[in-house]
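These are the residues of each chain, in order.
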Amino acid sequence: MAKLSFRQVEAFRAVMIAGTTTGAAEILYISQPAVSRLLSDFEDSVKVPLFERQKKRLIPTPEAQILFEEIERSFVGIEKLARTAEELRAFHRGTLRIACMPALAHTLLPKVSSEFMEQNQGISMTLQVRSSQQVADWISTQHFDIGLSAIAVSDPAIKTESLAHSELVCILPPGHCLQSKATITPEDLENEVFISLGTEQSIRYKVDDVFEHAEVNRKMLFDTQVSHVACSYVLSGSGVSLVDPVTAIGFIKQGLIVKPFAPSIRFNYNLIYPATRPVSQLALDFCKLLKKRLKELSESSENLFKIK
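Heads up: these notes are all about the structure in this document.

Basis of the calculations
- Residues numbered from 1 in each chain as written.
- Predicted model: local features only at pLDDT ≥ 70, side-chain atom pairs only at ≥ 80, totals over all residues.
- Heavy atoms only, no water.
- Pairing = 2+ DSSP bridges.
- Helix = DSSP H or I, 4+ residues; strand = E, 2+ residues; numbered from the N terminus.
- Axes fitted to C-alpha atoms, helices over the stretch in contact; angles between N-to-C directions.
- Core = buried A, V, L, I, M, F, W, Y, C linked by side-chain atoms within 4.5 Å.
- Buried < 20%, exposed > 50% of the residue type's maximum accessible area, 1.4 Å probe, protein only.
- Contact = heavy atoms within 4.5 Å.
- Expected span 1.5 Å × (residues − 1).
- Arc of directions from axis to C-beta.
- Salt bridge = Lys/Arg side-chain N within 4 Å of Asp/Glu carboxyl O.

Comments concerning the sheet that holds strand β7 (residues 169–172)
Item 1. The three strands lie next to each other as β10-β7-β11, forming an open sheet whose pairing is antiparallel. Lying at the two open borders of the sheet, with one neighbouring strand each, are β10 (241–243) and β11 (257–260). Neighbour-to-neighbour, the strand axes of this sheet turn through a mean angle of 35 degrees, independent of strand direction.
Item 2. Where β7 lies against β11, four bridges are found, and the strand directions are antiparallel.

Details of the nonpolar core
Item 1. Residues Leu 104, Ile 146, Leu 148, Ile 171, Leu 189, Leu 242 and Phe 261 are the most contacted members of the largest nonpolar core, which totals 60 residues.
Item 2. Among the elements that line this core, the one with the most residues is helix α11 (residues 281–299), at eight residues.
Item 3. Setting aside its immediate chain neighbours within four residues, Leu 104 contacts Leu 109, Pro 110, Leu 148, Leu 163, Val 246 and Tyr 269.
Item 4. Judged by nonpolar contacts, the second largest core, of 21 residues, contains Phe 12, Met 16, Ile 71 and Phe 75.

Structural notes on helix α8 (residues 202–213)
Item 1. End to end, α8 covers 17 Å across twelve residues, agreeing with the expected 16 Å (1.5 Å per residue, within 8%).
Item 2. Of the positions making up α8, those classed as buried are Ile 203, Arg 204, Val 207, Asp 208, Val 210 and Phe 211. The arc enclosing the buried residues of α8, seen along the axis, measures out at 155 degrees, which places them on a common side. Turned more than 90 degrees away from the buried face of α8 sit Glu 212 and His 213, all of them exposed.
Item 3. Residues of α8 that are buried sit in contact with β8 (193–197), β9 (219–224), β10 and β12 (266–274).

Things to note about the pattern of salt bridges
Item 1. Per the stated rule, a full pass over the model turns up nine salt bridges.
Item 2. Note that Glu 115 is salt-bridged to Arg 293, the shortest N-O span being 2.5 Å. Here Glu 115 is found in helix α6 (residues 108–119), whereas its partner Arg 293 is found in helix α11, with 178 residues between them in sequence.
Item 3. For Glu 115, a relative accessible area of 23% gives the class partly exposed.
Item 4. Salt-bridge contacts for Asp 208 lead to Arg 218; the nearest nitrogen and oxygen are separated by 2.9 Å. Residue Asp 208 is located in helix α8, and its partner Arg 218 is located in the loop between α8 and β9; the two are separated by ten residues in the primary sequence.
Item 5. On the basis of relative accessibility, which here comes to 13%, the residue Asp 208 falls in the buried class.

What follows is the structure in C-alpha cells.
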C-alpha cells in the first residue's frame, strides 16, 4: 500500500461526515477540486473501493465504514488531546500538589491557595502538612510539585530556593507582665512555663542552646510538634514560647502578644522542587503569588521578619 498522508485521511473523514466533496471542502476550508484529488489519492493508496458515485452524492461502501470507524477513534483521541492542551494553557485544568511544613500551613497558605484557585478556575490542589524533613523526602521522590520547608537540604534530587528568612519571636499571653517590654531576652523568661517545639524539629535545639548558654531555667512542662498549637496554648495562658513570626502574626488579632527576641535565632522559609523535572507553569505562578503575599505580610509586620 502506498504511504498515506494525514491530509488524505482528513479529506476522507470530511467526505464521510459531509456526504459530498463540496461539503467536505467547507469543513476543511479548501477547494472542492482539492478534496476530490485528495480523496482519489486516498482510494489509490488503500486499494479498496470506498464509494459508489450516485449523481452528486458519494455512497460509502462497507469497507469505507470500517476505515471511518477506525479513523474516528484516532481523531477523537487527537481532539481530546488538543482540548486538554488548551485547557492546561488557560489553567482551566491541572493539579498542584504542595507539601508544607506546619509554620506556613495554618494561616498564610490557605489564604494564598484560595486566592490562587479563584484566579485559576478549574484547577485542583492537594496540600499535605508534614515536618520539614518529610516534605523534603516527598519532593525528592517527586510525590509533590512544591515543598515548603525550614531546613537546609543537600540532595541532588531537590532544588532549593530561599523564600524568606526571619528570627524567632517570643509570644506571650494577653496581660502578661512582659507585654510592655520592647525585646524579650532569655533572662526575662526565668522560671516561666515554656511551651517547646518538639524534638523532631531542629529549631528546638537552637532554642535550648540559647537558654543553656544564658544559664536560664524554664519550666518545660509541655511540647508540641507544630507552632500554631504552641500559639494556641500560649493564648490560653498556659505559658510562653518562641515560634516563627508568620505563625505568630496569624494570632495577633486574637490577642496574642508578639515580641522580638534577643539573641536572634534564625528561621528560614524555603521553597523546594524536584530537581529532575521542569517546574510547571502552574507551580511557578503559585510561588509568585505566595512571594507577593509574604512580602505584603512582612511589610505590615513591624519588622518581625524579613524577605530576602
